[in-house]
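One-letter residues, chain by chain:
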Amino acid sequence: MFDDDIAAISTPPGEGGIAIIRLSGSEVIEKANRVFKPRRLGVDLTQKEGYSLTLGWIVDGEEFIDETLVSIMRAPRSYTGEDVVEINCHGGTLPARRCLETVLKTGVRIAEPGEFTRRAFLNGRLDASQAEAVIEIIRAKTDKGLSLALKQLSGKNSNHFHELEDSLISINAMVEASLDFPDEVGEPDYGEVKSMFASIIGKIDQILAAGKRAEIYREGISIAICGKPNVGKSSLLNALLKKDKAIVTNIPGTTRDIVEDFINVRGIPVRLMDTAGIRATEDVVERIGVERSHEVIQSADLVIFLLDIETGITEEDLAVYESIENRHVIVLVNKEDLEEKRISEAQLEDLFKEVKVIRGSVKEDIGLEELEASIENMVLSGEVQADDMEIMLNMRQKQALLKARKHIEDALFALEDVPLDCLGVDIWGALESLGEITGKNLKEEVLDRIFHDFCIGK
Amino acid sequence: MIYKAGSYDVIVIGAGHAGCEAALAAARMGCKTLMVTMSMESIALMPCNPSIGGPGKAQVVREIDALGGEMGINVDKASVQMRIINTGKGPAVQALRAQADKDEYHKEMLKTLLDERNLDILVAEVEEIETSDSRVTGVITKTGAWFACKAVIITSGTYLKGRIIIGDLAFDGGPGNQFPSIKLSDSLQKLGLKMGRFKTGTPPRINKKSVDFSKMIEQPGDERSLRFSFVSPRMERPQLSCWLTHSTGITHQIVRDNLDRAPMFSGVIKGKGPRYCPSFEDKVVRFADKDSHQLFVEPEGRATDEMYIQGLNTSLPEDVQVQILKSVPGLENVRIMRTGYAIEYDYVVSSQLKLTLETIQVEGLFTAGQINGTSGYEEAAAQGLIAGINAALKVQEKEPLILKRSEAYIGVLIDDLVTKELDEPYRLLTSRAEYRLLLRQDNADLRLTETGYKIGLVNEERWHTYQEKLHILENERTTLKRTTFTPADKNIAEFLASKNSAVLRDRISLWEMLRRPELKIEDFVRLGLISDNDLDILEQLEIQTKYEGYISKQKEQVQRFEKMESRHIPDDINYDDVYGLSNEALQKLKQFRPHSIGQASRIAGVNLADINVLLIFFEKQRRK
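Residues numbered from 1 in each chain as written. Chains lettered and ligands numbered in written order. Predicted model: local features only at pLDDT ≥ 70, side-chain atom pairs only at ≥ 80, totals over all residues. Heavy atoms only, no water.

Chemist: What's the story with the nonpolar core in this structure? I'm lost.
Modeler: Here is a general trend for soluble globular proteins: nonpolar side chains tend to be buried in one another's company. With 82 residues, the main nonpolar core has Val10(B), Ile52(B), Tyr105(B), Ile153(B), Phe228(B), Ile389(B) and Ile410(B) as its most contacted residues. Per-element tally for this core: the top contributor is helix 10 (residues 377-395) of chain B, with twelve residues. Phe197(A), Ile200(A), Cys422(A) and Val446(A) belong to the second largest nonpolar core, which has 61 residues in total. (Core = buried A, V, L, I, M, F, W, Y, C linked by side-chain atoms within 4.5 Å. Buried < 20%, exposed > 50% of the residue type's maximum accessible area, 1.4 Å probe, protein only. Helix = DSSP H or I, 4+ residues; strand = E, 2+ residues; numbered from the N terminus.)

In structure tokens:
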């Protein structure tokens, strides 16, 4: 509440050129450093002085999220008077959100409305005469944020949360009743507890998936097309563009030398990036995938890797593939319509074990339907949409759900080994996390449930 | 004719579980103390169930003991049975429960009170609290005695305007056939205190000689010698059993046939009763699908034939009570010894209290126990102790004692009382303690002995014993951490195999090995790896190793919690001066007058923005 580490996107929502994620707290520099991969090797954010700028990537494990400029401001000479890190993301809203999520994984929590300003005031960075203004900001943000978030949860989607809330209250009541009223209530049936945990996790996953779906439909995804020269990258780009009647824009790559196009794949806005546009020189095979194309590939949500059936799989192909192996990849074996086939089924199976492979021809419009289906399938993680759930989750709600999920997972993991009171720590934790979404004190409701469900009394 | 009868530092009104602790604490801390009771027989009376302890409550008794209170020691002297319940459910909820001999409990407490040098006992009824400038100056009894004093602690239980209800019969009365206290409640109201009305009830008592125990299941005590107090001698005494029976379909039919005579349903009873302690008729109505409810038949003492029937509290007419009893297996020929009844009483709305249990309205006036809307002997005793301590500290012009939610159930209890709006009598539950894993009955001494010593309630002898325990614990812990084994150790390998425990892969300490759920510390004692055989020490070590992960998780939570708790709100704050509070928050803050930002954040209706508004307000004040 007072000086722990907080973070938020501090630029206004909407498409902008850049977005800034601000972090404040005593350990934010060290924590930001954990997810930061500097452009220049050996650079360390924790060694940087105040008011410095560092170029590099925000990375989530192996995954590159976005290229960023990170500024460091050291206490007390910062907006809040604490150590502050500002991450300038280049990629607009979605990458900014993903950067924030990555940062949150280090144990930084999402800032409360107006919290940076409040800290600035409490740390003497704002004049006493500004107190009223600060209060206005906090009030407006909190009240607006609350009513917005609650509105999102009401109506059509509210029952999903209520069901989740209900099962969490149930399981809490079951455990707590057994602990507090041993004379009247027996031990809970561990088989039942286990299946309740599983169904809670299932429910959370369902809501998260629906939220992710909504996010994908709203924010779109980016796809990079790559492959060796003349494999048909530009043709694929054009074919996909032609299929999609609703082209939004066509931005010739100026800032980053990438050809970018926006298309719509089955309702999902897609930013297509053709790495062909990157390289002016095509003579240096060894340099494939290096430098800028590498960046494009690393920041794409999905990579389409093109192979040419006529040339077979060459050293060059393998070199390209090596640079994209850690990404989500769909392999498109192009020119299937030609007589000369130098790529065998066995070869493909051997090389692309867990990877989706499509055989087709860009020119003859073979396999493009399948490609679109695969794209949809992959970005929606194969989620069946039969549940018809439409939920927009904001970052805070998503984090709360993830926290609740982690608690239940921990409880499930420890189920056989620890006693009920220890399990209670996580079962409670899950309930508390969920309470953050609805703003309700669910503990009181647990008591109500106990007295409703169990006949208790001396 | 009012006459000047004497002068005291502290006067305690009431001699129940709260009153006894309050009077003893104040007297032991050096205050000249007077305890006023309506009768000698009602001192430390247990008018309801004959048991002390159980989940949440056992922890409280141990806390009272660690602070230098009396309840633990007294019940150890007067118990007829001890059991640990919830043994399989983890260290935090394991709870000792004693069946007490009610008469011995009363007599032993009386002895202790009489032995106290600074304490006088007076049989009288206090009718008025005298104040000047919203400050307590004295009390006046029904018979005209006026006593001057610096602090008053009211621990009047359910006596205030007590009204007994049995069927269509209703009369003014206190618990256990005592007289009610009629005028004191009005005096409190005159002082500006808001009063409410609650209800509770008790089952009929039956004659042991009329019970057929062969139709019931015996519930004996634990075989090992158990005790509440950390300093009571370990005693081996013959134990008495409790007996389990149940209601039948016929019982429930009798209840249903007589609902029109039940004051609970006819509207005679207006006070709100506790949900965790419903009357039997309530259970039959609300859980209509259950064809049987458990009933425990418990002895009320060694020298009496009275037996208590847990699960059968009722205010149905006496003739119906008899019919109900006779429909229960084993009670076919039962003879009643005392009728069950409901009691309605006035209580002080507890949001008017500070965390010291002093009233916000009247300086020097404290209330503790059931008068504050709680239920249970243990909850009452805990409040009595804290009120007694704080009254003494106030008289001595010292800093008050406030236990935090993170250090004691007593802290949880009092914080809940002064921060929440009660709509039923309050009972402690382990689920009310957010740091339950830290607030265990086994470590109450580690949590609170030092506090008790600092305020002067823990005597040198107990302090010395405690220091010794700390020393042994530390030594044993070091040994456990230093003693290591490798996969090559044959004896250990064999031992692990015999326990179906995984083979060692690396060098590992005993401390780490003990974390395995299948291994018990007694196993290591048997192997000669641990020399100490004091049960308390072993239990402590085992809990500390086995649950280290969860315990440290909770300790981290406590650190965050305490940051909010340590931001105090000045007593003289005028909330009308605070710009930006929501109307609801303004009203609630004025009503509850929280002690800290943390407490403010727990008040329903005060949200995060309001907390921020307060923080900014304080910062602005500071800079002025």
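Moving on, there is more to tell.
Chemist: I keep staring at the sheet that holds strand 17 (residues 306-310) of chain B and nothing clicks. Help me out?
Modeler: Residue and element names in this part refer to chain B. Read from one edge to the other, the open sheet built from six strands follows the order 14-15-16-17-13-18, with strand pairing classed as antiparallel. Each edge of the sheet is formed by a strand with only one pairing partner; in this case those strands are strand 14 (217-219) and strand 18 (336-338). Looking at each pair of strands side by side, their axes are set apart by 35° on average, direction ignored. Sheet analysis places strand 15 (residues 242-246) next to strand 16 (residues 294-299), joined by four bridges and oriented antiparallel. In the strand pairing of strand 16, Trp 243 is matched with Val 297. (Pairing = 2+ DSSP bridges. Axes fitted to C-alpha atoms, helices over the stretch in contact; angles between N-to-C directions.)

Chemist: Would you mind going over the interface of chain A and chain B with me for this structure?
Modeler: Interfaces are often sized by the amount of accessible area the parts lose when they come together. Counting residues at the interface gives 53 residues for chain A and 61 residues for chain B. Carbon and sulfur atoms make up 58% of the area that chain A and chain B hide from each other, which totals about 5100 Å². Across the chain A-chain B interface, the total number found is seven salt bridges. In this structure, Arg275(B) and Asp448(A) form a salt bridge, with 2.7 Å as the shortest nitrogen-oxygen distance. Linking chain A to chain B there are 21 residue pairs in polar contact (both at pLDDT 80 or more). Where the side of chain A that touches chain B is concerned, the elements lending two or more residues are helix 3 (115-122), helix 4 (131-153), helix 5 (158-180), helix 12 (395-414), helix 13 (420-438) and helix 14 (442-453) of chain A. It is helix 4 of chain A that provides the largest number of residues to the side of chain A that touches chain B, a total of eight residues. Looking at side-chain class alone, the side of chain A that touches chain B contains 26 nonpolar, six polar and 21 charged residues. (Contact = heavy atoms within 4.5 Å. Buried area = accessible area lost by both parts, 1.4 Å probe. Salt bridge = Lys/Arg side-chain N within 4 Å of Asp/Glu carboxyl O. Polar contact = N/O pair within 3.5 Å; in protein donor to acceptor, adjacent residues only side chain to side chain. Nonpolar A, V, L, I, M, F, W, Y, C, P; charged D, E, K, R; others polar.)

Chemist: Would you explain the pairing of strand 8 (residues 135-141) of chain B in this entry?
Modeler: A regular strand places its side chains so that they alternate between the two faces of the sheet. All names here are of chain B. Buried residues dominate strand 8, accounting for five of its seven residues. Bridging between strand 7 (residues 126-132) and strand 8 involves six bridges; their strand directions are antiparallel. In the strand pairing of strand 8, Thr 131 is matched with Val 136. Hairpin remark: strand 7 followed by strand 8, antiparallel, with two residues in the connecting loop; positive phi at Asp 133, about 55°. Bridging between strand 8 and strand 9 (residues 145-154) involves three bridges; their strand directions are antiparallel. Paired with Val 139 across the two strands is Phe 147, which belongs to strand 9.

Chemist: Quick question: what am I supposed to make of the domain arrangement of chain B here?
Modeler: Annotation of chain B at the domain level lists domain 1 (1-458), domain 2 (474-553) and domain 3 (567-623). Computed over C-alpha atoms only, the centres of domain 2 of chain B and domain 3 of chain B are separated by 50 Å. (Domains from an automatic or database assignment.)

Chemist: Any chance you could explain the domain arrangement of chain A here in plain terms?
Modeler: Residues and elements named next belong to chain A. Structurally, chain A comprises domain 1 (6-111), domain 2 (158-213 + 394-453) and domain 3 (220-385). Each partner contributes to the interface: domain 1 provides ten residues, whereas domain 3 provides eight residues. Together domain 1 and domain 3 conceal approximately 770 Å² of surface at their shared face, both sides included; 40% is due to carbon and sulfur atoms. A per-residue breakdown of the area domain 1 buries against domain 3 is headed by Trp 57, Phe 64 and Leu 94, which together make up 44% of the total. At the junction of domain 1 with domain 3, the criterion picks out one salt bridge. A salt bridge links Arg 98 to Asp 301; the shortest N-O distance between them is 2.7 Å. Connecting domain 1 to domain 3 are one residue pair in polar contact (both at pLDDT 80 or more). Listing elements by their share of the side of domain 1 that touches domain 3, those giving two or more residues are strand 5 (63-73) and helix 2 (93-104). With four residues, the top contributor of residues to the side of domain 1 that touches domain 3 is strand 5. A breakdown of the residues in the side of domain 1 that touches domain 3 according to their chemical character gives four nonpolar, one polar and five charged.

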